[in-house]
Each structure stands twice: as C-alpha cells, then as structure tokens.
Amino acid sequence: MVPLYALAGALLALPWSPGIIRQTGPRPAGYLNLIMTCWAFLHSLFALIAVWGRPPQSIAFNWLNAADLSISLDVQISAVNIGALLLITGLNLAAQVYAIAYLEMDWGWARFYSLVALFEGGMCALVICNSLFFSYCVLEVLTLGTYLLIGFWFNQSLVVTGARDAFLTKRIGDLILLMGVVALLPLAGTWNFDQLAEWAATANLNPNVANLLCLALIAGPMGKCAQFPLHLWLDEAMEGPMPATILRNTVVVSTGAWLLVKLEPVLQLSPLTLQVMIVVGSVTAIGAGLIAIAQIDVKRSLSYSVSAYMGLIFIAVATGQTETALVLLFTYAIAMSLLVMVVGNIVWNNISQDLSQYGGLWSRRPVSGICYLVGAASLVALPPFGGFWSLARMGDRLAEISGLLLLVLLLVNALTAFSVTREFCVFFGGKIKPMTLRSPEALWLLVIPMTVTMGFALHLPILLAQWHLLPSNLNLGVAFLLVLSTAGGVIPAAYIYLNENISKPIVFQPKAVQDFFANDLYTAQLYKVTIVFVVGLISQIINWIDTFLVDGIVNLVGLATVFGGQSLKYNVSGQTQFYFLSIILGVALIGIIICWPLLSQISLVFS
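These numbers come from a predicted model, not from an experiment.

Visitor: Got a minute to help me understand the overall build of the protein chain in this structure?
Guide: The helix and strand tally for the protein chain stands at 24 helices and two strands. When the backbone C-alpha atoms are referred to their principal axes, the protein chain occupies close to 110 × 65 × 65 Å. Here the protein chain displays about 28,000 Å² of accessible surface, and carbon together with sulfur accounts for 72% of that area. Distance from the positive charge centre (24 side chains) to the negative charge centre (26 side chains) of the protein chain: 9 Å.

Here it is in structure tokens:
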C-alpha cells in the first residue's frame, strides 16, 4: 500500500493546477501530498515494527501468461525493505515540508508535488519489488521523473539543457541494461531476485556470455549513480528546484546501487565485470573528489561528492560487501540530505551559488552552521558519527582484499573531508561580504526539516548499534588511518580558507592542473572530439547517401517518367505519322538490342 499513497497524492494534486483552479491557489496540492506522505511514513513505521526479527516474506501476483512466457509481480517484505521504505518516505516528507517554503512564490505546486510523489511511489515500489523486470520498469519511471523535475523551470535555457542531457545520458545506460534484462530470462528462466541468486550459485555459463551479460547489467546503475563516463548529468541536474535535489542526491541516485546489491550474486559470474566495477568506482570516486574541490559553484561541488560516494558503493558491491553497501547508503543519505538542505537554505535568500561571494555567515546563521557541521561529520570518517562506522566496515574488508583499494578509500575520504570543510569555511568563516551582509536564518519551514534531519544524523550510531550493524571487531589500524585521512582533509582546508593572509580565490600551481579539474577533466570536450565527432561523421555520411543515392535514384526515376511522358504524349495526338514514327523507332531499338552481339564484332570483320 505504501507506494499507492504517493500515487494517490499525485492524482489529488492535479486539480490544483493554476490553469484549472484559480480561486484557492496551488497550495492545497502541497498539503494533500504532505498528508499522504506522512501517512506512508507512519504505515512504514508500523510495518517495520511488525516484520522486525521475522524472516523475509515473498508475495507473487500473476501479471501475464502468454504462450510459454509467464511474468509475475514479485514483492518481498523484510526488515531491510521496510527500512528502505521508512528512509524514502521520511526524506520525502522532509523535502516536501522544505518545498512549502522554498517554492513559496511559485505557482507550479501541483506539477512539482505530483512529480515528487511520482518519485516517492517509484522508489517505494522499487525497494519492495523482487523482480528484475519490474525493477527495470520502475527505473524507467524514475528516469522520466528526473527529466521532468530537472526541467521544472522550463523557461530557462540551462534548465532545458540539463534536463535533456540527464535524460539522454540515463537512456544510454537503461538501453544497455534492457538488453541484459531480456538476455537473462532465457538463461536463468526467471527474473525473481531470490531465484536468480539460486541459479547463479550453480550456473555454468560460457565466460564470454557471462561477461557480456553482467557488463550489460551494470550499465544502467552506472548511469543512475552518475559513474564515469556517464557522470556529467548530475551537476547539470542542479538546475532543478533544491527540494527535488534533496531526494535526487540521496535516494534517487541510490536506486542504481540498490539494483547492484540485488544483482550481486549474478555479477559474481563474471570476474571481468567485478574488475570493471572496481576500476569505474575507483576512477569516479577519486576523479569526482578532485573535481569537487576545484568548483566554485556549491551545487556542482556537492553533486561530485555524490558521484564519489556512489563510486565507493560500486567498490563495495564488487568486493562482495552488500550489507556494508546498504549501511553506507543509509548513513550517506542522511548526511547528504542535511548538507543539501543547508546549502539550499543559504542559496534561497542569498540568490548566488558562487562560493567566492560568501563569508562570515556563522554570526548570522548559527543553526545552519551547526547543521552543516553535523552533516559533514556524518559524511566522512569522524567518530562517533555514522559515516565513520560504515566506512570502517568497508575499510576492514578492503584491508583484507587489497591495500590499493584501501588506499582509494582513504584518499576519497580525505578529498571529501577537504571539500565539505572548504565549503563550511567559505560559507561561515572569514569576513562578512556584501552578499552576506543581510542573511538571517530563512523561513522556519526551511529550518525545521533541517534540524530534524540533524537529529537523525546525530542518532545514527545509536540506530546502527540497535540494529547490530556496527563492526563486530573494529580494526583499530584501519580506523586510525581513516581518522587520519579525515584530519588530512579537514586541517589543510581549514588552514587555507580561514587564513586571512592567503589571498582568495585560491589558485593552485600549476594553474593548468586546477583548470583540468575545474572543467570536469575536460570530459565534455573529450566527448566532442570522440563520440560526438564520430556520431556527427556517421550522420553526415548517411545524409550524403540519403541525399545523393536514395533521393538521387528516386529523382532519376521521376525525371525519366516525366521525360517519357512528355515524349510519348505526341503519340496520342491523332496524327498517323507519329504512330508510324514510334513503331519504326521501337522496331529499330529492339533490332539493335538483339543484334548487339554481332554489331560488337563488326570491327573484326572490317579488320
């Protein structure tokens, strides 16, 4: 029932579109959706209490029977699934309260809240769905919702471009994923995740088939999680409303990671795919971490931190740490949602997203400053906050597998700590600037969800302890290295950006390296000289063939028909001489064709 509450809210919001009802205004659309989401949250809470400590339950609804094809809608009810429902509805509830103030003067409430409800319903359906086929269908719905929410303010050119790029980038991964989904059914005979795990345990596939299949299955999550080379869409998606960003940067991008976790037994069939996941995750995590610290747009900086953490999820799944991946997703979602709320709160009444225009906000916005500190501490490995325990679990396992992967984790943690500390120091430290001279705490509906989320972030370690998700045997050496890497990011950032003797903005040497990361590793330019160039060249060749060959043949036939018609019209003039002339010419032409072999030899006769 939980996904249906959100869909009901979406339908109830539509009558309050400005073009339909002008007397009441659009606000009832938001309030109705808020009530439905609150109901979904309470239902999830009671459901979690009911299933706690019980084994998972599976329910199947017959959806299609045709010939030899049988497709059922499989649903799984477990503490993990219901916990995910609670996280999704809780964050969605906070985002909707946040949106009441953030979109205070906007008349598009009905459209916004309907799309947010579509997000919520899709994600809730995904986490309880136990079928790969229907999971793919839900991911397609979420892709559409992402496109529509990014393009919410569609009268701005950058918004339209960002929505288009996000949709097309995700479509690339989704199309390849669809190939893998279709190819998996005749091999495994099922799309049920539990049955796929049983099949994968005893499957004996050709290595090439296994590699192609598993590579196709990770393509969709690569696009959803903004992994290299399908990562550029996420920073462009920041053109959408900030309340939607709360969901997109936390739980929406995590849908791809959720699918990876469910498919992990199948992915184990291909060691090559696991290596690709590790390489993609490592490159994205490190690259995105470096890009984040070179951005002056705070929204872009946050978006690349999202890609970095999703890269860590790829590494965790590839190394068989599915439970750790889920714990990391949980702690990350709470911490990142808190950071996005604080940033949106500041940008909302300061207008600018340019970090270089901020400073001295601590004396004016202490609540926002405290919330940001808690969110940043919960994101990195800083005890006793939640992020430390999830990263420590992952580090323990990586230390046993590969020292190089542990080094990647330490480096990403240090880069993230540097990035969030830099943002805090620029926002709240230093001297007051003209942009921050009048910047009090924003409307209370922006502050309340922010402070409530901070409370959850502070209680994450207690929740993890109650759920027995803390590391059973903490590796003190790994824990020390993680804390040391956090300090290695926090201390330099604080020294650089709080030191008034260092001129701002910071220019690192050589400047070309800073420009390299500030311009997203020149990935867009690389696309232009490779993929875009090749596609453009192929398009020009096809256009030439279509213009000069296909159209040329058609035009030739048309000209021949016109010429023949113009010539033959004289034969029907009623004058006998023209009929005789046509007969003579026709007989002569037939004679030449028949005698052509003899005529071709006439030179031999004369010689």
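Visitor: Could you clarify how one ought to interpret the pattern of salt bridges in this entry?
Guide: Charged atoms that come close allow side chains of opposite charge to pair. Inspection of every chain in the model, using the stated rule, returns six salt bridges. Residue glutamate 323 is joined to arginine 393 by a salt bridge in which the shortest nitrogen-to-oxygen separation is 3.0 Å. With a gap of 70 residues between them, glutamate 323 in helix H14 (residues 322-350) and arginine 393 in helix H16 (residues 386-401) connect regions that are remote in the sequence. On the basis of relative accessible area, glutamate 323 is assigned to the partly exposed category, the value being 43%. Here arginine 393 falls in the buried class, since its relative accessible area comes to 15%.

Visitor: Is there a simple way to explain the packing of aromatic side chains in this structure?
Guide: Centre-to-centre distance and the angle between the planes together describe a pair of aromatic rings. Scanning the model with the defined rule gives 24 aromatic pairs in all. Between phenylalanine 133 and tryptophan 191 the ring centres are 5.0 Å apart and the planes differ by 20°, which places this aromatic pair in the stacked class. Linking phenylalanine 133 in helix H5 (residues 132-150) with tryptophan 191 in the loop between helix H6 (157-188) and helix H7 (193-202), this pair joins segments that are 58 residues apart in sequence. Residue classification places tryptophan 191 among the buried residues on the basis of a relative accessible area of 12%. Grouping aromatic residues by their ring pairs yields a cluster made of Tyr31, Trp109, Phe112, Tyr113, Phe152 and Trp153.

Visitor: Help me out: how do you make sense of the nonpolar core in this one?
Guide: In a soluble, globular protein the nonpolar side chains are often hidden away together inside. Phe112, Leu132, Leu267, Met277, Leu312, Tyr372 and Phe427 are the most contacted members of the largest nonpolar core, which has 174 residues in total. Among the elements that line this core, the one with the most residues is H14, at 18 residues.

Visitor: How should the pairing of strand E1 (residues 57-66) be read in this particular structure?
Guide: Where a strand is regular, its side chains alternate between the two sheet faces. Little of E1 sits out of view: just zero of its 10 residues are buried. Pairing of E1 with strand E2 (residues 69-77) involves nine bridges; the strand directions are antiparallel. Across the sheet, glutamine 57 pairs through a bridge with isoleucine 77, a residue of E2. Connecting E1 to the next strand, E2, in antiparallel fashion are two residues, including alanine 67 with a positive phi near 55°.

Visitor: Help me out: how do you make sense of the UniProt feature "domain: NADH-Ubiquinone oxidoreductase (complex I) chain 5 N-terminal" (unreviewed entry) in the protein chain in this one?
Guide: Residues given the UniProt feature "domain: NADH-Ubiquinone oxidoreductase (complex I) chain 5 N-terminal" (unreviewed entry) here are residues 63-113. The span residues 63-113 is 57% helical and 25% strand by assignment, and the distance between its end C-alpha atoms comes to 30 Å.

Visitor: I'm lost on the side chain of asparagine 413 in this one. Help?
Guide: For asparagine 413, the location among the structural elements is in helix H17 (residues 403-428). Residues in contact with asparagine 413, not counting those within four places in the same chain, are Val380, Ala381, Leu391, Leu482, Ser485 and Thr486.

Visitor: Can you help me understand a nonpolar patch on the surface in this one?
Guide: On the surface, Phe533, Val534, Leu537, Ile538, Ile541, Ile542, Trp544, Ile545, Phe548, Leu549, Val550 and Val554 cluster together to form a nonpolar patch covering roughly 1,100 Å² of accessible area. Mapped onto the elements, isoleucine 538 comes out in helix H22 (residues 523-568).

Visitor: It is not clear to me how unusual backbone geometry should be interpreted in this structure. Could you clarify?
Guide: What you tend to see is this: most non-glycine residues have negative phi, and most peptide bonds are trans. Note the cis peptide between phenylalanine 228 and proline 229, where omega equals 5°. Relative to the helices and strands, proline 229 resides in the loop between helix H8 (207-224) and helix H9 (233-236). Even without being a glycine, isoleucine 351 presents a positive backbone phi close to 70°. Its location among the elements puts isoleucine 351 in the loop between H14 and helix H15 (366-379).

Visitor: I keep staring at the environment of threonine 319 and nothing clicks. Help me out?
Guide: Its location among the elements puts threonine 319 in the loop between helix H13 (298-318) and H14. Remark: the alpha-carbon pair of threonine 319 and isoleucine 278, spanning 41 residues in sequence, is separated by 8.1 Å. Among all residues touching threonine 319, those that are not within four sequence positions of it are Ile278, Arg397, Leu398, Ile401 and Leu405. At 3.0 Å, the side chain of threonine 319 and the backbone oxygen of alanine 316 are in polar contact. Side-chain polar atoms of threonine 319 contact the side chain of glutamine 321, separated by 2.9 Å.

Visitor: Any chance you could explain the packing of H14 against H16 here in plain terms?
Guide: Packed helices, taken two at a time, are described by the angle between their axes plus the distance between the axes. The N-to-C vectors of H14 and H16 enclose an angle of 160°; their axes lie 9 Å apart at closest approach. Overall, the two elements H14 and H16 adopt an arrangement that is roughly antiparallel. With respect to the hand of their crossing, H14 and H16 are arranged in left-handed fashion. Contacts from Glu323, Thr324, Val327, Leu328 and Thr331 in H14 reach Gly386, Gly387, Ser390, Leu391, Arg393 and Met394 in H16. Among the residues making up the contact of H14 with H16, the classes are represented as four nonpolar, five polar and two charged.

Conventions and cut-offs
- Residue positions within a chain follow its written sequence, with the count starting from 1.
- Restriction of local features to residues with pLDDT of at least 70 applies here, the model being predicted, together with a cutoff of 80 or more for giving and counting side-chain atom pairs; totals for whole chains, interfaces and linings are based on all residues.
- Excluding hydrogens and water, the side-chain figures rest on all heavy atoms present in the structure.
- Helix numbers and strand numbers start at the N terminus; a helix is a DSSP run of H or I with at least 4 residues, a strand a run of E with at least 2.
- Using the Shrake-Rupley algorithm and a 1.4 Å probe, accessible areas are obtained, with residue cover drawn only from the displayed protein chains.
- A positive count includes Lys and Arg, and a negative count includes Asp and Glu. His and the chain ends are not counted in either.
- Think of each charge as sitting on NZ of Lys, CZ of Arg, CG of Asp or CD of Glu.
- A pair is scored as a salt bridge if a Lys or Arg side-chain nitrogen falls within 4 Å of a carboxyl oxygen belonging to Asp or Glu.
- When a residue's accessible area, from a 1.4 Å probe over protein chains only, is under 20% of the maximum for its type it is buried; when over 50% it is exposed; and in between it is partly exposed.
- Ring pairs are drawn from Phe, Tyr and Trp, using the six-membered ring of Trp, whenever the two centres fall within 6.5 Å, and their geometry is named by plane angle: stacked under 30 degrees, edge-to-face over 60, tilted for the rest.
- Here, nonpolar core refers to any group of buried Ala, Val, Leu, Ile, Met, Phe, Trp, Tyr and Cys residues whose side-chain atoms link them within 4.5 Å.
- DSSP calls a pair of strands paired once it identifies at least 2 bridges connecting them.
- UniProt positions are given in the numbering used here, feature names are shortened, and annotations may be inferred rather than shown by experiment.
- Note on definitions: a residue-residue contact is assigned when non-hydrogen atoms from the two residues lie within 4.5 Å.
- Each patch is built from residues lacking any salt bridge and having more than 30% relative accessible area; the joining distance is 9 Å for like charges and 5 Å for nonpolar side chains (Val, Leu, Ile, Met, Phe, Trp, Tyr).
- For the purposes of these results, a polar contact is taken to be a pair of N or O atoms within 3.5 Å, where, inside protein, one atom must be able to donate a hydrogen and its partner to accept one; residues adjacent in sequence count only when each atom of the pair is a side-chain atom.
- The axes are straight lines fitted to the C-alpha atoms, using for helices just the contacting stretch, and the angles between their N-to-C directions are given from 0 to 180°.
- Angles are sorted into four bins: roughly parallel if under 35 degrees, roughly antiparallel if over 145, roughly perpendicular if 65 to 115, and oblique for all others.
- Crossing handedness is defined as follows: a turn of the near helix away from the far one that is anticlockwise and smaller than a right angle gives a left-handed crossing, while the clockwise case is right-handed.
- Side-chain classes are defined by residue name, with Ala, Val, Leu, Ile, Met, Phe, Trp, Tyr, Cys and Pro counting as nonpolar, Asp, Glu, Lys and Arg as charged, and the others, Gly among them, as polar.

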